[in-house]
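In case you want the letters, here they are:
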Amino acid sequence: MSIQDRNKKILMDLVQLPGNNTCADCGAPDPDWASCSLGVFVCLDCSGFHRSLTSMNRVKSIRLDFWDDEMVKFMKTNGNEAAKIFYERDVPPFYYRPQQKDSAVLRDQWIKAKYERQEFTGDNRHRQEIYSSGFYEGRLWKKAKDNGQFLKRKFTLSDSDFTLKYYTKDDLPRAIISIKSLNATFQPEKIGHQNGLQIMFQDAQRSQNLFVYHDSGQEIVNWFNAIRAARFAYLKTAFPMANDSELSPRITRNYLKEGYMEKTGPMQRETFRKRWFILDGQERKLLYFKTKLDAVELGAVFIGPETLGYSAAKIAPRGTRGNRWKFGVTMETPDRQFVFMCEREREQGEWLEALKVIISKPMLPQDYARTSFQRRCSFHTRQ
C-alpha cells in the first residue's frame with residue numbers, strides 16, 4: 001500500500017470518529033476537508049472560509065489531496081473535539097453559533113472569530129466587549145419605508161432600557177423600538193446584499209420590519225450579536241428562574257418558511273392576490289405582507305395545535321376564482337378556513353410540511369396568553 005493510500009485510510013477512519021464526523025464550524029455531516037494547520041475536519045463550504053484566514057492555515061481534501069505522515073499525525077493528535085475545547089472555551093451564552101444552512105457572513109465571521117481573532121479562548125475576552133458591553137452604536141444602511149432606497153442611518157442599542165433606536169438626524173431618534181418583541185435574522189437574498197439583516201418587532205399590535213446592512217461582514221455580525229446580547233439580558237430579567245439553555249432558543253430565531261402565495265378573503269369569493277408570507281414557528285404566527293420588503297404587515301393568523309381544531313391540507317375547495325396559481329393549501333382554524341395558492345407543487349408541499357410542524361406542537365403557557373388576541377386579529381386588515 002502506498003503512503004498516499006495508507007494515509008487516506010487513516011484520515012477516513014479519523015473522520016468517522018464522534019466529533020470529527022460533523023463539520024467543526026457549522027455541524028454539517030460527513031466533512032471531507034480538513035485544516036492540516038488547525039487539526040479540524042470541515043465541510044466544503046467552511047473550507048472556503050478557512051482559506052480566507054491567515055496564509056499559515058492550509059486546507060486540504062481528505063479524499064483527493066496528498067497528505068504526508070506529519071500532517072496525518074497532527075490530525076490524529078488534534079481533531080474537532082480538542083479544537084472545540086481550546087477555541088470555544090469562552091463563547092458567551094448569547095453568541096450565535098451558525099449552522100449548516102445559515103448565511104455565509106455568519107459562518108465566515110464565526111470562523112474568523114474562533115481561529116483568527118481567538119475571541120473565545122478565555123485569553124481575549126476584551127475582544128468580546130464590543131458586542132457584549134450592553135451598548136452599541138454605529139451607522140447602518142437602512143431601507144426607506146416609501147421609496148425603497150437604502151440610506152445610512154445612526155443606530156444605538158442599549159440594554160439599560162432595552163431599546164434599539166435609529167436616527168434621521170443625530171439629535172432625536174426617529175424610532176424607539178423595544179427589545180421585548182424584537183427578532184433579527186440574516187436575509188441576504190431577500191435584501192439583495194450579502195450582509196443583509198432583517199429586524200422584526202411588534203409595534204401598535206402589528207409586526208414591522210427594518211431591513212439593514214453594513215458593508216463590513218464583521219460589523220454586521222457584531223450588530224447581530226449585540227442585539228442577541230441585549231435580548232438575552234432582557235430575557236434574564238423577564239424570566240429570572242430560567243437557565244441559559246432554556247432562554248437561548250428565544251433570543252433570536254430564523255423563520256420556518258417564507259415566500260409568495262396567493263390568498264383570498266374570508267368568504268372565498270374575493271379575488272386572489274399575491275402576498276409575501278412569513279411563518280414564525282416560535283410565535284405560532286403566519287404573517288403576510290404586500291411584498292417581501294414591506295415594512296408593515298397586512299395581517300397575521302395564530303396557529304394552534306391539532307387538539308384545538310387546527311389542521312392543514314393540500315385540498316383547495318371548489319369555487320375559488322381569480323387565482324393564477326393552482327397548487328392549493330387550506331388551513332382550518334376554529335373560526336374559519338384559509339385558502340392559499342402556490343405557484344409550484346414543491347412549494348405547496350413545503351408550506352404544508354412547515355404548517356404541520358407548528359400544528360403538531362403542543363401549546364406552551366405563553367402561547368395561551370396570545371391565543372385570544374391573535375384569533376381576533378387573524379388577517380385583520382386589507383387583503
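Bear in mind the structure is a predicted one, so any value in this text is a computation, not a measurement.

A short note on the sheet that holds strand 5 (residues 150-158)
Move 1: The antiparallel open sheet is built from 7 strands, whose spatial order is 7-6-5-4-10-9-8. Either end of the sheet is taken by a strand with one partner, and the two such strands are strand 7 (173-178) and strand 8 (183-186). The average angle at which neighbouring strand axes cross in this sheet is 35°, direction not considered.
Move 2: Pairing analysis gives 5 bridges linking strand 5 to strand 6 (residues 163-167), with the strands arranged antiparallel. Considered in strand 6, the bridge of L157 is made with L164.
Move 3: Seen against the sheet, helix 8 (residues 217-238) touches strand 4 (135-143), strand 5, strand 6, strand 8, strand 9 (197-203) and strand 10 (206-213) and runs at an angle of roughly 120° to strand 4.

A closer look at the pairing of strand 16 (residues 327-332)
Move 1: Two elements, strand 15 (residues 311-313) and strand 16, share 3 bridges in a ladder whose sense is antiparallel. If you follow S311 over to strand 16, its bridge partner there is E332.
Move 2: Pairing of strand 16 with strand 17 (residues 337-342) involves 6 bridges; the strand directions are antiparallel. Directly across from F327, in strand 17, lies its bridge partner C342.
Move 3: Where strand 16 folds back onto strand 17 in an antiparallel hairpin, the turn is made up of 4 residues.

Overview of the confidence of the model for the chain
Atomic detail in the predicted coordinates should be set aside for any region of low pLDDT.
Move 1: Averaged over all residues, the pLDDT of the chain is 91; the fraction at 70 or higher stands at 92%.
Move 2: Averaged pLDDT values for the elements of the chain fall to 58 in helix 11 (residues 365-376) and rise to 98 in strand 8.

Quick word on the packing of aromatic side chains
Move 1: Under the criterion given, the structure shown has 20 aromatic pairs.
Move 2: With a centroid separation of 5.1 Å and an interplanar angle of 65°, the aromatic rings of F186 and F224 are classed as edge-to-face. Of this pair, F186 sits in strand 8 while F224 sits in helix 8, and the two are 38 residues apart along the sequence.
Move 3: Here F186 falls in the buried class, since its relative accessible area comes to 9%.
Move 4: Pairwise contacts between aromatic rings join F94, Y95, W110, F120 and Y131 into one cluster.
Move 5: A cation over an aromatic ring shows up here: K154 above the ring of Y167, its NZ or CZ 4.8 Å from the ring centre.
Move 6: When the ring centre of Y260 is taken as origin, the NZ or CZ atom of K274, which lies over that ring, is 4.5 Å away.

Analysis parameters
Residues numbered from 1 in each chain as written. Predicted model: local features only at pLDDT ≥ 70, side-chain atom pairs only at ≥ 80, totals over all residues. Heavy atoms only, no water. Pairing = 2+ DSSP bridges. Helix = DSSP H or I, 4+ residues; strand = E, 2+ residues; numbered from the N terminus. Axes fitted to C-alpha atoms, helices over the stretch in contact; angles between N-to-C directions. Contact = heavy atoms within 4.5 Å. pLDDT = per-residue confidence, 0-100. Phe/Tyr/Trp six-rings, centres within 6.5 Å; stacked < 30°, edge-to-face > 60°. Buried < 20%, exposed > 50% of the residue type's maximum accessible area, 1.4 Å probe, protein only. Lys NZ or Arg CZ within 6 Å of the ring centre and 35° of its normal.

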